[in-house]
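# An overview of the molecular structure
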Amino acid sequence: MWCLADSKTSYIVNFEIYTGKCNGNQSSEPLGERVVLKLTHELEGIESLVAFDNFFTSVNVVDALCKKDIYSVGTVRTNRKGLPEIMKEKKKLQRGEYEYRTKNNIRAIKWMDSKIVTVLSSAHNPLTVTTVKRTLKTDKRIIQDLG
C-alpha cells in the first residue's frame, strides 16, 4: 500500500493499493515516480512540502512536483539519472562538510555524517546551515555537526 500522510495530523490523505505490475497500461515512468505523482495530484497549486525516501526520489519527480508548486525533499540513490557528478564522486569529505549543485529549482546536496548522505530538494537553500549538538552512541560524546 502506498500512502500520503499529513505530517501534522498523521492522517492518511491519499493512498493506493499496489497490486503488482501493470500489464495493460505500460508506462515509461518508473514505479516510484508514478506513485508520487498520482498520490500528490490533489496538492497541485497548494504549495505543499512532500518528503520521501530514496525509492521515490529522482530528478524527474522533484522537477515534476516543483512545476505543480509542490515542494519536495528526499534522500536519493547516487545511481539515479540526471544527478550532478558530485553526487557520484567518491570524494572523501570530513564529518559535517557538504557540497551542492543547483539547477533550476532543484538542489542536489551531498553531506558527510558518519557516512555520505545524498539529498534532492526543491524546498531548501543549501547555504542555510545550522549547527546541532548530537550524542554519539559509541562513546556518549557530544559533538557539534553542521546539519
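Nothing here was measured: the structure is a model prediction, and the numbers come from that model.

For the rest of this paragraph, the subject is the overall build of the protein chain. A count of helical and extended segments in the protein chain gives 3 helices and 9 strands. Buried residues in the protein chain amount to 33% of all 147 residues. Taking the contacts inside the protein chain whose residues are at least 6 apart along the sequence as the reference set, 37% of them involve residues at least 24 apart.

Looking now at a nonpolar patch on the surface. A cluster of nonpolar side chains, namely Met 1, Ile 12, Phe 15 and Ile 17, defines an oily patch on the protein surface of about 460 Å² accessible area. Relative to the helices and strands, Ile 12 is located in strand β2 (residues 12-16).

This part takes up the environment of Gln 94. Summarising the element assignment, Gln 94 is placed in the loop between α3 (85-88) and β5 (98-103). With 20 residues separating them in the primary sequence, Gln 94 and Ser 114 have C-alpha atoms 9.2 Å apart.

The strand order across the open sheet formed by 5 strands is β3-β4-β7-β6-β5, and the pairing between neighbours is mixed. Here the strands that pair on one side only, and so sit at the sheet edges, are β3 (48-52) and β5. Recorded for the sheet is a direction-independent mean angle of 15° between the axes of neighbouring strands. Pairing analysis gives 6 bridges linking β5 to strand β6 (residues 106-112), with the strands arranged antiparallel. Within β6, the position partnered with Tyr 100 by the bridge is Ile 109. Along the sheet, helix α2 (residues 59-67) contacts β3, β4 (70-75), β6 and β7 (116-121); its crossing angle with β4, the most-contacted strand, is approximately 160°.

A full pass over the atoms with the stated rule returns 5 aromatic pairs. Summarising the aromatic geometry, the rings of Trp 2 and Tyr 18 are spaced 5.7 Å apart at their centres and angled 70° between planes, so their arrangement reads as edge-to-face. Of the two residues, Trp 2 sits in strand β1 (residues 2-5) while Tyr 18 sits in the loop between β2 and α1 (31-39), which places them 16 residues apart along the sequence. Its relative accessible area of 40% is what places Tyr 18 among the partly exposed residues. The interplanar angle of 85° and the centroid separation of 5.0 Å between the aromatic rings of Phe 55 and Phe 56 together place this pair among those described as edge-to-face. With relative accessibility at 32%, the residue Phe 55 sits in the partly exposed group. By relative accessible area, which is 16% here, Phe 56 ends up buried. What links up through ring pairs into an aromatic cluster is the set Trp 2, Tyr 18, Phe 55 and Phe 56.

Conventions adopted
- Residue numbers run consecutively from 1 along every chain, following the written order of its sequence.
- Local features in a predicted model are, by the rule used here, given only for residues with pLDDT of at least 70; side-chain atom pairs are given and counted only at 80 or more, and totals for whole chains, interfaces and linings are based on all residues.
- By convention in this description, side-chain values take in all heavy atoms of the structure and omit both hydrogens and water.
- Segments assigned H or I by DSSP are reported as helices when at least four residues long, segments assigned E as strands when at least two residues long, and all are numbered from the N terminus.
- Partly exposed describes any residue whose relative accessible area lies between the buried limit of under 20% and the exposed limit of over 50%, with all areas from a 1.4 Å probe on protein chains only and scaled to the type maximum.
- Pairs of residues are marked as contacts when any of their non-hydrogen atoms sit within 4.5 Å.
- To count toward a patch, a residue needs a relative accessible area over 30% and no salt bridge; like charges are then connected within 9 Å, while nonpolar side chains (Val, Leu, Ile, Met, Phe, Trp, Tyr) are connected within 5 Å.
- In short, Shrake-Rupley with a 1.4 Å probe defines the accessible areas, and a residue's cover is counted only from the protein chains shown.
- When a carboxyl oxygen of Asp or Glu lies within 4 Å of a side-chain nitrogen of Lys or Arg, that pair is called a salt bridge.
- Here, a strand pair is defined by DSSP locating no fewer than two bridges between the strands.
- Convention adopted: a line fitted to C-alpha atoms gives each axis, helices being fitted over their contacting stretch, and angles between N-to-C directions are expressed from 0 to 180 degrees.
- Two aromatic rings, drawn from Phe, Tyr or Trp (for Trp, its six-membered ring), form a pair once their centres lie within 6.5 Å of each other, and the interplanar angle then sorts them: stacked below 30 degrees, edge-to-face above 60, tilted otherwise.

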